[in-house]
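# Residue-level structure breakdown
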Amino acid sequence: TPRVFSGIQPSGGLTLGNYLGALKRFVDSQNSGVQSIYCMVDLHAITVWQDPASLRNATRELCAGYIASGLDPEKSILFNQSQVSAHAELGWVFNCVARMGWMQRMTQWKDKAGKNAQNASLGLFAYPALMAADILLYHATHVPVGEDQKQHVELTRDIATKFNHDFGVDFFPIPEPVIEGTATRVMSLRDGSKKMSKSDPSDMSRINLTDDSDSIAAKIRKAKTDPDALPSEAEGLEGRPEAKNLVNIYAALNDQTQAQVLAEVGGRQFSEFKPMLADLAVAKLSPISTEMGRLMQTPDEIDAILRRGAERAREIANPIMARTLDIVGMVR
Ligand code: AQP
């Protein structure tokens, strides 16, 4: 039976990249009736320093973001990773399955640790093994993610394969990354070659789900573009990363294809297209930010949703963890 698992780090506010690349697609998968499990991956967040009070707030805000985007805590399981201790346990087992060389090849590790790898946390290096545990602990078969997480899901497949092989079992299913749509990699508004990211020092580079209408409009108005008019066909976007990004954002927000958008706006100048995009973004995002604000007024209710989600998650995870320890040879 298919089962979907995915997560987002409470390492700051949610961006339009997280919304289009992840959240919006989580909602589609929930509504298609597949059992769906969505996590606030707080153990991943602390691989880089998080102020404790900010982490608590970001975890609640992320949960509010999930719900405001359309996830129903009755239909989907919503919980925070640290409250299901089997994630850390299975993560340890996978630290012993994964190889150093596999981790060293991860582009996210190389980007985030940078030149100063000696000073990065050991957790940041081991991150992909914990992510494999997140997914495999539920025997998930499908993992909706943005393009940047593809390599980590592939590593998860390698870990599952090696575990099954080393222990001579057919225990962990090999999960599929699901990377679909026109916004699998939303780029920075200031630099079409960089991913839009929560941790970019420039707030103008991203749209946050909590931005008000005026700042959304201002950020789009100031977004980097080239001087040419929009093309009417996709080939015309080649070599124009900023133009392509804005067209893709428009398409994803409006549930259209790139071709449909270009058929409509081809030939127009950015001075005309940007206000159209700003209106669309405000129309789609402001109900979400309003709902997030409302939910954040009752943090106790958010905590109760997370606790209930963790209970439901444990019901699936604990038997799989116990079976894993048996396979490995731990005495009960
Ligand atoms: N720009 C993006 N375009 C499409 N999808 C994206 N995702 C993130 N950025 C984009 C997807 O959102 C999910 C959750 O990401 P994450 O919170 O686990 O961490 P991340 O990928 O490292 O996101 P950020 O915003 O870049 O965080 P920081 O700055 O803390 O590293 C994933 O499915 C991801 O693909």
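So, how was this worked out
Residues numbered from 1 in each chain as written. Predicted model: local features only at pLDDT ≥ 70, side-chain atom pairs only at ≥ 80, totals over all residues. Domains from an automatic or database assignment. Contact = placed C-beta atoms within 7 Å. Helix = DSSP H or I, 4+ residues; strand = E, 2+ residues; numbered from the N terminus. pLDDT = per-residue confidence, 0-100. Near = placed C-beta within 6 Å. Expected span 1.5 Å × (residues − 1). Bend = angle between axes of the 7 residues up to and from the residue. Buried ≥ 20, exposed ≤ 12 C-beta atoms within 10 Å, placed from the backbone.

What follows covers the domain arrangement of the protein chain. For the protein chain, the assigned domains read domain 1 (3–178 + 299–328) and domain 2 (203–294). Relative to domain 2, the C-alpha centre of domain 1 lies at a distance of 30 Å. On the domain 2 side, the residues contacting the 11 residues of domain 1 number 10 residues. Put simply, the parts of the chain that give the side of domain 1 that touches domain 2 at least two residues each are helix 1 (16–31) and helix 3 (52–68).

Considering every residue of the protein chain, the mean pLDDT works out to 96; 100% of them sit at 70 or more. Two summary scores accompany this predicted model of the complex, namely pTM at 0.95 and ipTM at 0.95.

Turning our eyes to something else, we now look at the site of the ligand. Taken together, 21 residues are adjacent to the ligand, and Gly17, Gly21, Gly146, Ser197 and Ser199 come closest. Residue contributions to the shell around the ligand peak at 4 residues, all from helix 1.

Look at helix 13 (residues 299–328): 40 Å from first C-alpha to last across 30 residues, which is about the 44 Å you get at 1.5 Å a residue. Taking the largest bend as the criterion, helix 13 deviates by roughly 35 degrees, centred on arginine 314. Listed in full, the buried residues belonging to helix 13 are Ile302, Ile305, Leu306, Gly309, Ala310, Ala313, Ile316, Ala317, Met321 and Thr324. Against strand 2 (35–40), helix 3, strand 3 (77–80), helix 4 (86–95) and helix 12 (270–295) lie the buried residues of helix 13. Following helix 13 by one or two positions, glycine 329 adopts a phi angle in the positive range, close to 110 degrees.

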